[in-house]
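Commentary on secondary and tertiary structure
The chain contents come next:
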Amino acid sequence: IFGGLKVPPGAVPWQVSLQVKPKNSNRRFTPICGGVLIKSCWVLTAGHCIQSSMDRQVVLGSLSLNDVEPTEQVIQVQEAILHENYRETREAVYNDIALLRLEGTDGICANETQFVKTACLPDAQLPDGMECKISGWGATEESQTGSNHLLEANVMLINQEKCAEPDIYGRVLDDTMFCAGHLMGGVDSCQGDSGGPLTCEQNTNSVVYGLVSWGDKCGRKNKPGVYTRVTHFLDWIKSETQAESS
Ligand code: 4AZ
């Protein structure tokens, strides 16, 4: 997160760290992306966070990735479901969404605590200009590498036609994505934040309105972050998650 602040304990309880290691290797898990807990056994993340044949785990309830914290829950991923229309071109990423099914029994995987909670799914489009929140352990303005501490920032939803203007992203934008940030630059998501939440307040609940997806570098003028439009995928999410009743 460019231009962010440290997240206080329990403030983003749906934030997930997605970590991978080569199958059957003895190496440690490496954090690669963010994610969002939407049910006890289900995490939403970006499609481009799913690389082939890796062992995957998620860490919940964590603020500092380098420390083992008493609030954290580490859970293995049983299955990664990549959207069937996921597509990456030189210019953009389309349908950039995936679901992770967590290991557990009787529909309980993550345990709800003060530090681990689900985010709601949105039920309607939200207005341009609305202020929402992004978070992650991705690159910051100082380092270019990831941040040890979970960071958050406020961003504004940007009008779709505005963001499709030639001096911003032009015609590569489609309705599976939207832009958010500050056209002046300076506050943005960045590499390593992918798959993590953009949440907005809707009916006094935090809803996961977007997933960090792509952008032209980070924090630049007229190059806001681009987010997967979760409302476009509500039927897909419901059909993929209800089969197991968890
Ligand atoms: C990335 O490389 C990336 N500024 C993620 C988000 C943004 C840019 C790049 C948005 O994963």
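Residues numbered from 1 in each chain as written. Predicted model: local features only at pLDDT ≥ 70, side-chain atom pairs only at ≥ 80, totals over all residues. Heavy atoms only, no water.

1. Examining the sheet that holds strand S4 (residues 42-45)
Spatial strand order, S2-S3-S4-S9-S6-S5: six strands in a closed barrel with antiparallel pairing. In this sheet, neighbouring strand axes are inclined to one another by 40° on average, regardless of whether the strands run parallel or antiparallel. Of the strand pairs in this sheet, strand S2 (residues 15-22) and strand S3 (residues 30-39) are connected by six bridges, and their pairing is antiparallel. Residue pairing for S3: Ser17 is matched across the bridge by Gly34. In this fold helix H2 (residues 234-242) packs onto S3, S4, strand S6 (73-82) and strand S9 (98-102), with an angle of close to 25° to the strand it touches most, S9. (Pairing = 2+ DSSP bridges. Helix = DSSP H or I, 4+ residues; strand = E, 2+ residues; numbered from the N terminus. Axes fitted to C-alpha atoms, helices over the stretch in contact; angles between N-to-C directions. Contact = heavy atoms within 4.5 Å.)

2. Remarks on the site of the ligand
In the vicinity of the ligand, the contacting residues are Asp188, Ser189, Cys190, Gln191, Ser194, Val212, Trp214, Gly215, Lys217, Cys218 and Gly225. Contact distances for the ligand include 2.8 Å between a nitrogen atom and a backbone N or O atom of Ser189. Take Ser194: an N or O atom from its side chain is 3.1 Å from an oxygen atom of the ligand. When isolated, the ligand has an accessible area of 310 Å², and the protein chains bury 85% of it. One can see that the ligand is located within the largest pocket. In terms of residue class, the shell around the ligand is made up of four nonpolar, five polar and two charged. (Near = heavy atom within 4 Å. Polar contact = N/O pair within 3.5 Å; in protein donor to acceptor, adjacent residues only side chain to side chain. Areas by Shrake-Rupley, 256 points an atom, 1.4 Å probe, with all protein chains shown as cover. 1 Å grid on protein atoms, 1.4 Å probe; cavity = no way out; pocket = protein on both sides within 12 Å on 5 of 7 lines; lining within 4 Å. Sits in = over half its atoms within 2 Å of the grid points. Nonpolar A, V, L, I, M, F, W, Y, C, P; charged D, E, K, R; others polar.)

3. As for the layout of surface pockets
Taken as a whole, the largest pocket spans an internal volume of roughly 990 Å³. Forming the walls of the largest pocket are 42 residues, and the residues nearest its centre are Pro31, Ile32, Cys33, Gln191 and Gly192. If you list the elements that add at least two residues to the lining of the largest pocket, you get S2, S3, strand S5 (54-60) and strand S14 (205-214). Residue composition of the lining of the largest pocket, by class: 15 nonpolar, 22 polar and five charged. Lining the second largest pocket are 15 residues, with Cys132, Lys133, Thr199, Glu201 and Ser206 positioned closest to its centre. Looking at the lining of the second largest pocket, the elements that each hand over two or more residues are strand S10 (131-136), strand S11 (151-158) and strand S13 (197-202). (Points joined across faces, edges and corners; volume = space filled by probe spheres on them.)

4. Overview of the confidence of the model for the chain
When the pLDDT values of the chain are averaged, the result is 96; 98% of them are 70 or greater. Two summary scores accompany this predicted model of the complex, namely pTM at 0.97 and ipTM at 0.97. (pLDDT = per-residue confidence, 0-100.)

5. Points about the side chain of Ser213
You can see Ser213 is positioned in strand S14. Judged by its relative accessible area of 6%, Ser213 falls in the buried class. Excluding residues that lie within four positions of it along the chain, Ser213 makes contacts with His48, Val93, Asp96, Ser194, Val226, Tyr227 and Thr228. (Buried < 20%, exposed > 50% of the residue type's maximum accessible area, 1.4 Å probe, protein only.)

6. Considering the pairing of S13
Of all six residues that make up S13, five are buried, and the element is covered over most of its length. Where S10 and S13 come together, two bridges link them in antiparallel fashion. When the bridges of S13 are listed, Lys133 appears paired with Thr199. Two elements, S13 and S14, share six bridges in a ladder whose sense is antiparallel. Along S14, the bridge assignment pairs Glu201 with Ser206. Adjacent in sequence and paired antiparallel, S13 and S14 are bridged by two residues, among which Asn203 carries a positive phi angle near 55°.

7. What to know about the environment of Ile237
Counting through the fold element by element, Ile237 comes out in helix H2. The buried category is assigned to Ile237, whose relative accessible area is 1%. With residues up to four places along the chain from it excluded, the contact list for Ile237 reads Ile38, Leu44, Ile97, Leu99, Leu121 and Val230.

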